[in-house]
Amino acid sequence: MLFWLYWLLGLTLSVYLSIWIIRKNRNLGYTFLVVLSAGYILIANILTPRLINIDLGFGGLTIVTGSLIWPFTAQLSDMINEVYGRKKTIYAFGFGYLINLLFVLFVLMASQTFPVWTNEEEKFWRLYFMPSGRVLLASTVSFIICELIDIYVYSFFKEKFRLKEDKSGLKGIAYMGAMRSILSDVLNMICDGLIFSIIAFIFVLPFNILTNLILGSILFKVFMSVIDTPLFVIFRIKIRHELREK
């Protein structure tokens, strides 16, 4: 129960703060969403080394801890795309991933210093924070490919139904916004679950564990990207009077 409470609280704060800032100051809203996206990307990657089992009611799934919040990065992409358009969304997530790479660089820098704690503590720190080349490659490749798929799919359907949506009432705005968000995010999560897990863990984990990890990652990310859709619908309705860039 506490897990879902923390999850809902974190995402709700993110969405409502975004709405409030965008409506108060459009330029500041973009800055805030860029920072928020970078934060989610960085946090998800910090959490990634920890494998966990989670039960959603249809069996236990093996996932990396970063998967708990990764689906919301896709929704943040949709939120930026909705208001500021495709080009600025690409810039936003490029900035976000740059910050992630800087984090890796500074961890590598810190690893060259001499610790004052025990060897066991140092070993744990290095195992957790020192990224392997495979994980860094997997993260980079999956992020670039899957995020671009998400951005372009969302943008395509946004522009395709723009006139129809602008003439519809709240129900039409909510429905069409939800459908393009779900479609683009689900494609993103399936792509990410496959590419990241295969590049990062093939020949590292036993085949059965890798298979469970891929399946668990995809099922969980798709599930989470669907159930957070009501928050996107709230966002879409609340910013419906804002200029929507292409």
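Calculation notes
- Residues numbered from 1 in each chain as written.
- Predicted model: local features only at pLDDT ≥ 70, side-chain atom pairs only at ≥ 80, totals over all residues.
- Heavy atoms only, no water.
- Phe/Tyr/Trp six-rings, centres within 6.5 Å; stacked < 30°, edge-to-face > 60°.
- Helix = DSSP H or I, 4+ residues; strand = E, 2+ residues; numbered from the N terminus.
- Buried < 20%, exposed > 50% of the residue type's maximum accessible area, 1.4 Å probe, protein only.
- 1 Å grid on protein atoms, 1.4 Å probe; cavity = no way out; pocket = protein on both sides within 12 Å on 5 of 7 lines; lining within 4 Å.
- Points joined across faces, edges and corners; volume = space filled by probe spheres on them.
- Nonpolar A, V, L, I, M, F, W, Y, C, P; charged D, E, K, R; others polar.
- Salt bridge = Lys/Arg side-chain N within 4 Å of Asp/Glu carboxyl O.
- pLDDT = per-residue confidence, 0-100.
- Patch = residues over 30% accessible without salt bridge, like charges linked within 9 Å, V, L, I, M, F, W, Y side chains within 5 Å.
- Areas by Shrake-Rupley, 256 points an atom, 1.4 Å probe, with all protein chains shown as cover.
- Lys, Arg positive; Asp, Glu negative; His and termini not counted.
- Charge placed at Lys NZ, Arg CZ, Asp CG, Glu CD.

Student: I'd love a proper account of the packing of aromatic side chains, names of residues and values included.
Tutor: Here the distance between the centres and the angle between the planes together describe a pair of aromatic rings. Using the criterion set out here, one finds 15 aromatic pairs in the structure. When the ring of W4 is compared with that of W7, the centres are 5.6 Å apart and the planes differ by 85°; the resulting orientation is edge-to-face. Highlighted residues: W4 and W7, both in helix α1 (residues 2-24), separated by three residues, approximately one helical turn. Judged by its relative accessible area of 31%, W4 falls in the partly exposed class. When the centroid spacing of 6.2 Å and the interplanar angle of 25° are considered together, the rings of F124 and Y128 count as stacked. Of this pair, F124 and Y128 both sit in helix α4 (residues 119-129), four residues apart, roughly one helical turn. For F124, a relative accessible area of 57% corresponds to the exposed category.

Student: Let's hear about empty space enclosed by the protein: which residues, and what values?
Tutor: All told, the structure shown has three cavities of 30 Å³ or more when counted by the stated rule. Considering only enclosed or pocket space, the largest cavity measures out at about 130 Å³ in volume. Taken together, 13 residues make up the lining of the largest cavity; nearest its centre are N45, T48, W70, D192 and F196. Among the elements that take part in the lining of the largest cavity, helix α5 (residues 133-160) stands out by supplying three residues, more than any other. Considered class by class, the residues forming the lining of the largest cavity number five nonpolar, six polar and two charged. In this structure, the second largest cavity spans a volume of roughly 40 Å³. If you trace the second largest cavity, you find it lined by V64, F196, S197, F201, L213, S217 and K221. Elements with a contribution of two residues or more to the lining of the second largest cavity: α7 (170-201) and α8 (207-227). Here the residues of the lining of the second largest cavity are counted per class, giving four nonpolar, two polar and one charged.

Student: Mind laying out the pattern of salt bridges, listing which residues take part and the relevant values?
Tutor: Summed over the entire model, instances satisfying the criterion amount to twelve salt bridges. Its salt-bridge partner being R180, residue E82 comes within 2.9 Å of it at the nearest N-O pair. Within this pair, whereas E82 is found in helix α3 (residues 70-110), its partner R180 is found in helix α7, the two being separated by 98 residues in sequence. Judged by relative accessible area, which is 3%, R180 ranks as buried. Among the ionic pairs, E82 bridges to R244, the shortest N-O distance being 2.5 Å. Of this pair, E82 sits in helix α3 while R244 sits in the segment after α9 (229-238); the two residues are 162 residues apart in sequence, bridging distant segments of the chain.

Student: An account of the confidence of the model for the chain is needed here, citing residue identities and associated values.
Tutor: Looking at the chain as a whole, its pLDDT mean stands at 88, while 97% of the residues score no less than 70. Confidence scores differ between elements of the chain, with strand β2 (residues 60-64) showing the lowest mean pLDDT of 71 and α9 the highest of 96.

Student: Explain a positive patch on the surface residue by residue, including any values.
Tutor: Together, R23, K24, K238 and R240 give the surface a local cluster of positive charge. The residue R23 is located in helix α1 in this model.

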